[in-house]
Amino acid sequence: MDVDGEVEHDFFPFIRQYKSGRVVRFGAAETVPAGTDAGRTGVSSKDVVIDPSSGLWVRLYLPAGHQGKLPVVVYFHGGAFVIGSTAHRPTHEYLNSLAADAGALIVSPEYRLAPEHPLPTAHDDSWQSLRWVASHAAAAAGPEHEPWIAEHGDLSRVFLAGVSAGGNIAHHMAVRAGGERGGLGVRVRGLLVIHAYFNDEAAASPAGVMRERAEALWRFVCPGTTGLDDPLCNPFSEAAGGGAARVAAERVLVCVAEKDTLRDRGVWYYENLKGSGYRGEVELHESVGEGHVFHYTRPGCEQAKALHARVLSCLRQE
């Protein structure tokens, strides 16, 4: 038997795993190095390893011509927990633009992916990255402190943001921050949840192939799961224990796209967060006639401009 050619799990167009364990990822964008976006935004970026034992690293984005301390945005990329990278060209270019237009210092963690590193690895890596950012708020900056954050970051203005699977991660980071004994040590001003990946046992998708595929993909990325009502998948399930009410952000912006298959999940998240006991402000923005993460591929279209303006408004606390 050719176990290297026989498929065990097939989740095209994301990933395929063979019985040998070999994994093939599809549609991977070009990876680009950090540097200076000289021809477009002038934003500088660099990669910093924060845990040599696991290889965990982050990419930082610093706008040109900045003055004074900058708000800090911790941004989690998407990819269904199995693909994606902060170094992929669409993500990298989007974060260059966001840093320039928002006048913000951006930190984007390169969390490890399933199935090689099943959930909650992505969440644990992201939490380690967030705690690393927060550690720079200590009065005495040590040699382990990253100069860009220590010198340019205003850690009284921290925002958490993410797209798709990264939106799921951003939510859970805000919950962990709210439940952290003694607090995270920094003030989280806002949470931006964009085209987020969530699900539940009573999801809008009817029973059948689509439902089976959703369940199978979740069990693939999170083998120890109890199912779609796992708190990592459904933050409002009984197993989540009301954790959503602890979201450590003064304001939450939920963004959905009308033609996105995750659109209803985003509205569901918005409505459930409002009813969870969370005391902050929750807002919803819908991009009409557009699909999943359209603002990466068509940043110049009218709906992308409107989404960008809403994101900037949230980051500027307007």
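Residues numbered from 1 in each chain as written. Predicted model: local features only at pLDDT ≥ 70, side-chain atom pairs only at ≥ 80, totals over all residues. Heavy atoms only, no water.

By the naming in an unreviewed UniProt entry, the protein goes by Alpha/beta hydrolase fold-3 domain-containing protein and is assigned to Urochloa decumbens. Among the UniProt annotations of the protein, the heading Sequence similarities (unreviewed entry) holds the following wording: "Belongs to the 'GDXG' lipolytic enzyme family." (UniProt positions renumbered as here; feature names shortened; annotations may be inferred.)

Time to look at the overall build of the protein. Broken down by element type, the protein carries 8 helices and 11 strands. A compact globule built from 318 residues should have a C-alpha radius of gyration of about 20 Å, and the protein, at 19 Å, falls within 12% of that. Taken over the C-alpha atoms alone, the protein extends approximately 60 × 45 × 45 Å along its principal axes. Residues counted as buried form 53% of the 318 residues belonging to the protein. For the protein, restricting intrachain contacts to residue pairs at least 6 apart in sequence, the fraction spanning at least 24 positions comes to 71%. (Helix = DSSP H or I, 4+ residues; strand = E, 2+ residues; numbered from the N terminus. Rg over C-alpha atoms; globule rule 2.2 N^0.38 Å. Buried < 20%, exposed > 50% of the residue type's maximum accessible area, 1.4 Å probe, protein only. Contact = heavy atoms within 4.5 Å.)

Put simply, helix 1 (residues 89-102) and helix 8 (residues 302-315) touch, their axes get as near as 10 Å, and they point 50° apart. Between helix 1 and helix 8, the angle falls in the class oblique. Crossing handedness for the pair helix 1 and helix 8: right-handed. Here Ser97, Leu98, Asp101 and Ala102 of helix 1 come into contact with helix 8, specifically with His308, Val311, Leu312 and Leu315. Looking at the contact of helix 1 with helix 8 residue by residue, the class counts come to 5 nonpolar, 2 polar and 1 charged. (Axes fitted to C-alpha atoms, helices over the stretch in contact; angles between N-to-C directions. Parallel < 35°, antiparallel > 145°, perpendicular 65-115°, else oblique. Left-handed = near helix turned anticlockwise from the far one by under 90°. Nonpolar A, V, L, I, M, F, W, Y, C, P; charged D, E, K, R; others polar.)

With that settled, the discussion passes to the nonpolar core. Formed by 70 residues in total, the largest nonpolar core has its most connected members in Phe81, Leu160, Leu191, Trp218, Val221 and Val247. Here the element with the most residues in this core is helix 4 (residues 165-179); it accounts for 7 residues. Those residues in contact with Leu191 that sit more than four places away from it in its chain are Leu160, Ala170, His171, Ala174, Val247, Ala249, Arg251, Val252, Leu253 and Tyr269. Among the nonpolar cores identified, the runner-up in size contains 29 residues, and Tyr61, Leu98, Ala102 and Phe294 belong to it. (Core = buried A, V, L, I, M, F, W, Y, C linked by side-chain atoms within 4.5 Å.)

Once that is clear, we can look at empty space enclosed by the protein. Counted according to the given criterion, the structure contains 1 cavity of 30 Å³ or more. The volume enclosed by the largest cavity comes to roughly 30 Å³. Within the residue set of the lining of the largest cavity, elements represented by two or more residues are strand 6 (70-76), helix 1, strand 9 (188-194) and helix 8. Of the residues contributing to the lining of the largest cavity, the split by class is 9 nonpolar, no polar and no charged. (1 Å grid on protein atoms, 1.4 Å probe; cavity = no way out; pocket = protein on both sides within 12 Å on 5 of 7 lines; lining within 4 Å. Points joined across faces, edges and corners; volume = space filled by probe spheres on them.)

Quick look at helix 1 now. Side chains that are three or four residues apart share a direction in an α-helix, a result of its 3.6 residues per turn. In this model helix 1 runs 20 Å from its N-terminal to its C-terminal C-alpha over 14 residues, within 8% of the 20 Å that 1.5 Å per residue would give. Among the residues of helix 1, Thr91, His92, Tyr94, Leu95, Asn96, Ser97, Leu98, Ala99 and Ala102 are the ones counted as buried. Among the residues trailing helix 1, Gly103 stands out with phi positive, at a value near 60°. (Expected span 1.5 Å × (residues − 1).)

It is worth spelling out the layout of surface pockets at this point. Counted as a void, the largest pocket has a volume near 1,200 Å³. Together, 41 residues line the largest pocket, and Phe14, Ala80, Ser164, Leu262 and His292 are the ones closest to its centre. With 5 residues, helix 5 (residues 209-221) is the single largest residue contributor to the lining of the largest pocket. Taken together, the residues of the lining of the largest pocket break down into 21 nonpolar, 14 polar and 6 charged. Along the wall of the second largest pocket there are 15 residues; nearest its centre are Tyr94, Ser97, His295, Pro299 and His308. Where the lining of the second largest pocket is concerned, the elements lending two or more residues are helix 1, helix 7 (294-297) and helix 8.

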